[in-house]
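Understanding the architecture of this molecule
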Amino acid sequence: MYVFFNKSHEKPSKSAEKYSLLLGFFLLVVLYTSAYWSNPYVPWLSRSRPAEWWLWFDQSHYWASTLALAHGDLRPDQHWYPFGYALLGAPFVWLGRQVYFLPDLACLLLTARGFISFTQTCGITRTSAMLLFLLGTCGSQSIRSAWAEPWNTTLAAALIWNALALSAHEIWTASNHTPPPAAARGAFSLALLGAILAFMPVTRPTDAVIAAPLLIITLAALLLQCENITQKIVRSLALIGGALLAGTASAALYLAIYGLHPTQYMTESRSMGFHLEGLGWKTYMLLLTPRPWFPYGSGLLERLPWIAPGLAGLLVTPFVAERHGKWALVLLSILIVGYSLLFFSYVDLIPTGLWRYNNVHYFKWMLPGLALLGFIACRALTGASWKLVAATFVGVYLVTCIRILPYRTMPDAAPIWMVQKSEPPPSWPDAYFEHSVLYDNQHAWRNINDFRAMPDSQGDRWIALRAPFSGVVRREHMQGGHAVAGTEMLQDTPNNELYWGMHIGFRLDACWLPPYACSRKDPKP
């Protein structure tokens, strides 16, 4: 424990750190292997089975694209998702249905390597860094499952943390006015960083929100380093050259598969989209608690309360971090906040899917970062800035005591964020995935894209996602897969449906902590 929180210049011996790192990597391998083979959806070795993950939507497309690339099949209908993750798996098709067992393990270990390298520029010992990484990747069964199951965010996490490590080194060099590394080594590292940054959007297009700032900030750091103008130009060209090389190769493969046309994934993602209206509400539900709006699910803080100090760390780190690592940590904080808000605004990311379908995988690269920021904030409680840190902890807790709750209203009296219909509850797939359409006084609302339907104990529940409903809502019946407009009308009677508005409250018993007070509010699950 002393080693974990020690802020002095006394550091563990190199041999002690070496053994602790070896033990940490060994634990990662053991925990990953255990999570993989104990997963109830792991495929059998030789044939498919009804519940395996290759039958899921995302994973079925990874599987098809991986096999297609391995056999040189460039037909666009075989490549739904961006092909970065499939490129990783293609050399391992000899593993059969366990094609991603080794690649994902390698990505986990490379993520650890990048994270530990990043923390060294921030004055954190490698032993402490490994403990924080174990917490952020293996601290709960849900997160271990998100690493064991095939998701393209596994490769994305490895790319992000190694890019952060390489960029942080350049920021550290510039901010501490130290000489840059030898020309050959420095050029190789920068070319590698450029290639990683260019490949990140190939794996997940949304990761451009991380890659672009890292590229700009690294170029700025190179220009601020203490060296002559020729060295600055050479090092900057190495970074840009690596990005151009990887980007050109990826563009060539894209053109070979799709030509000059957008992919079907790009088209559908654009129609689904990100929406800023209601972002505060979505952030509240995904971060704190979705109850009682959603009959099922829990927020990130409910399931992973250890990230709470990390939220304080996002605010206080610039004031308490050691000087030589401050700007790298500020950059990390900005990227975490920006990325989180982007995905909180994603229409299809809702609390039920966060754990039921393991959509928490979107955030798995961030969790070690939040563990790191929380550690720095907690450690600062023993330093000169303890009052500032303590006040920040209290402030963050008080903010999480805010409650956004539904209240009964009439359809024409207030913006309507939820409608309940009293009827025999449909099955989960029939409600959640049905391509139904609602109409209010102003718009047509599509399930999944604009609102989400789900069963509860009273019948059916329709929750607005893009904007509130306006007035009385009617639903189309589906016949033969097609909607028949106006075939059902919700009558304005209290026995048939309930309309719910939204109001903001505050109580000191935060709903993300036991006894989870909001789960007992109306409407009941």
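What counts as what
Every chain is numbered independently, its residues counted from 1 as its sequence is written. This being a predicted model, a pLDDT of at least 70 is required before a residue's local features are given, and a value of 80 or more before pairs of side-chain atoms are given or counted; all residues contribute to the totals for chains, interfaces and linings. Excluding hydrogens and water, the side-chain figures rest on all heavy atoms present in the structure. Strands here are runs of E lasting at least two residues and helices are runs of H or I lasting at least four, both read from the DSSP assignment and numbered beginning at the N terminus. It is over C-alpha atoms that the radius of gyration is taken, and the globule rule equals 2.2 Å times the number of residues to the power 0.38. Burial classification: accessible surface area is computed with a 1.4 Å probe over protein chains only, and a residue below 20% of its type maximum counts as buried, one above 50% as exposed, and the rest as partly exposed. Per-residue and other accessible areas were derived by the Shrake-Rupley procedure at a 1.4 Å probe size, with only the shown protein chains allowed to occlude residues. Here a pair means two rings of Phe, Tyr or Trp (six-membered ring of Trp) with centres within 6.5 Å. Their orientation is stacked below 30 degrees between planes, edge-to-face above 60, and tilted elsewhere. When the NZ atom of lysine or the CZ atom of arginine is within 6 Å of a ring's centre and also within 35 degrees of its normal, the charge is said to sit over that ring. Only buried residues count toward a nonpolar core, which is a set of Ala, Val, Leu, Ile, Met, Phe, Trp, Tyr and Cys residues joined through side-chain atoms within 4.5 Å. Any two residues whose heavy atoms approach within 4.5 Å are treated as being in contact. Strand pairing requires that DSSP identify at least two bridges connecting the strands. In this analysis an axis means a line fitted to C-alpha atoms, helices contributing only their contacting stretch, and an angle means the value between N-to-C directions, from 0 to 180 degrees. Cysteine sulfur atoms that pair up within 2.5 Å are treated as a disulfide. The working definition used for a salt bridge is a side-chain nitrogen of Lys or Arg within 4 Å of a carboxyl oxygen of Asp or Glu. Should the near helix be turned anticlockwise from the far one by less than a right angle, the crossing is termed left-handed; should it be turned clockwise, right-handed. Think of it as three bins: nonpolar holds Ala, Val, Leu, Ile, Met, Phe, Trp, Tyr, Cys and Pro, charged holds Asp, Glu, Lys and Arg, and polar takes everything else, Gly as well. Residue-level confidence of the predictor is what pLDDT reports, using numbers from 0 through 100. Surface patches are drawn from residues lacking salt bridges whose relative accessible area is over 30%; two like charges belong together within 9 Å, two nonpolar side chains (Val, Leu, Ile, Met, Phe, Trp, Tyr) within 5 Å.

1. Observations concerning the overall build of the protein chain
Helix and strand content of the protein chain: 20 helices and 9 strands. Against the globule reference of 24 Å for 525 residues, the protein chain gives a C-alpha radius of gyration of 25 Å, in line with a compact fold. Taken along its principal axes, the extent of the C-alpha atoms in the protein chain is 75 × 60 × 45 Å. Classification of the 525 residues of the protein chain by burial places 54% in the buried group. A total accessible area of about 22,800 Å² is found for the protein chain, and carbon and sulfur atoms account for 66% of it.

2. Focus: the packing of aromatic side chains
Scanning all chains against the criterion turns up 37 aromatic pairs. Seen in terms of ring centroids, F274 and F343 are 6.2 Å apart; in terms of plane orientation they differ by 90 degrees. Their pairing is edge-to-face. Note that F274 is positioned in the loop between helix 12 (264-272) and helix 13 (279-287) and F343 in helix 16 (residues 326-344), a separation of 69 residues in sequence. Each ring, one from F343 and one from F363, has its centre 6.4 Å from the other, and the planes form 75 degrees; the classification is edge-to-face. Taken together, the residues F343 in helix 16 and F363 in the loop between helix 17 (351-356) and helix 18 (366-380) connect sequence positions 20 residues apart. No difference in accessibility class separates F343 from F363, as the two residues are buried. Here a set of aromatic residues connected by ring pairs shows up, and it is made of F115, F118, F133, W161, F274, Y339, F343, F344, Y346, Y362, F363 and W365. One cation-aromatic arrangement involves R97 over W63; the distance from NZ or CZ to the ring centre is 5.1 Å. Lying over the aromatic face of Y432, R452 brings its terminal NZ or CZ to 3.8 Å of the ring centre.

3. Comments concerning the nonpolar core
Of all hydrophobic cores here, the largest spans 150 residues; its most connected members are F118, F363 and W365. Setting aside anything within four residues of it in sequence, one finds W365 in contact with A157, I160, W161, L164, I210, L332, L335, I336 and Y339.

4. As for the side chain of S65
Among the secondary structure elements, S65 is positioned in helix 3 (residues 57-70). For S65, the contacting residues outside a window of four places in its chain are Q78, H79 and A86.

5. Comments concerning the sheet that holds strand 9 (residues 497-506)
Taking strand neighbours across the sheet as the criterion, the 5 strands line up as 1-9-2-6-5 in an open arrangement whose pairing is antiparallel. The open sheet has two edge strands with one neighbour each: strand 1 (402-409) and strand 5 (451-456). Direction aside, the axes of adjacent strands within the sheet are offset by 25 degrees on average. Across 5 bridges, strand 2 (residues 418-422) lies against strand 6 (residues 459-464) in antiparallel orientation. In the strand pairing of strand 6, K421 is matched with D460.

6. Regarding the state of the cysteines
Disulfide: a covalent bond connecting the sulfur atoms of a pair of cysteines. Here the structure, examined in full by the defined rule, presents 1 disulfide. Covalently, C511 is tied to C518 through a disulfide, its sulfur atoms 1.9 Å apart. One disulfide, between C511 and C518, carries an S-S torsion of 65 degrees and so falls in the right-handed class. The pair formed by C511 and C518 is uniform in burial state, with each residue classed as buried. As a non-bridged cysteine, C138 has C107 as the owner of its nearest cysteine sulfur, 15 Å distant. Its sulfur unpaired, C401 is 8.6 Å from the next cysteine sulfur, which belongs to C511.

7. A look at the pattern of salt bridges
Where charged atoms of side chains with opposite charge meet at close range, the side chains can pair. For the structure on display, the rule yields 15 salt bridges. Two residues, E17 and R126, come together in a salt bridge whose shortest N-O distance is 3.2 Å. Highlighted residues: E17 in helix 2 (residues 14-38) and R126 in helix 6 (residues 126-138), separated in sequence by 109 residues. In this structure R126 comes out as partly exposed when scored by relative accessible area, which is 24%. Linking R97 and E52 is a salt bridge whose minimum nitrogen-to-oxygen distance equals 2.2 Å. Here R97 is found in the loop between helix 4 (84-89) and helix 5 (101-120), whereas its partner E52 is found in the loop between helix 2 and helix 3, with 45 residues between them in sequence. Exposure class is identical for R97 and E52. Each is buried. A cluster of three or more residues bridged by salt bridges with shared partners is formed by K421, E423, D460 and R475.

8. Section: the packing of helix 2 against helix 5
Across the interface, helix 2 lies against helix 5 with an axial gap of 11 Å and an inter-helix angle of 145 degrees. Here helix 2 and helix 5 pass one another in a crossing that is right-handed. From helix 2, L21, F25, L28, V29, Y32, T33, Y36 and W37 reach across to helix 5, where they touch F101, D104, L105, L108, L109, A112, R113 and I116. Residues that form the contact of helix 2 with helix 5 fall into these classes: 13 nonpolar, 1 polar and 2 charged.

9. Digging into the confidence of the model for the protein chain
Confidence along the protein chain averages 89 in pLDDT terms, with 91% of residues attaining 70 or more. Here residues 489-494 is modelled with pLDDT under 50, and outside its nearest four sequence neighbours on either side it reaches 16 contacts, counting other chains as well.

10. Focus on a nonpolar patch on the surface
Taken together, V394, L398, V399, I402, I504, F506 and L508 make up a surface patch of nonpolar side chains, about 670 Å² in accessible area. Broken down by secondary-structure element, the contributors of at least two residues to the nonpolar patch are helix 19 (386-400) and strand 9. Tracing the sequence through the fold places L508 in the segment after strand 9. A residue is classified by how much of its surface remains accessible, and L508, at 57% relative accessible area, is exposed.

11. Remarks on the environment of F319
Relative to the elements of secondary structure, F319 occurs in helix 15 (residues 308-320). Sequence separation between F319 and S385 is 66 residues; the distance between their C-alpha atoms is 8.2 Å. Among residues more than four places away in sequence, those in contact with F319 are S385 and L388.

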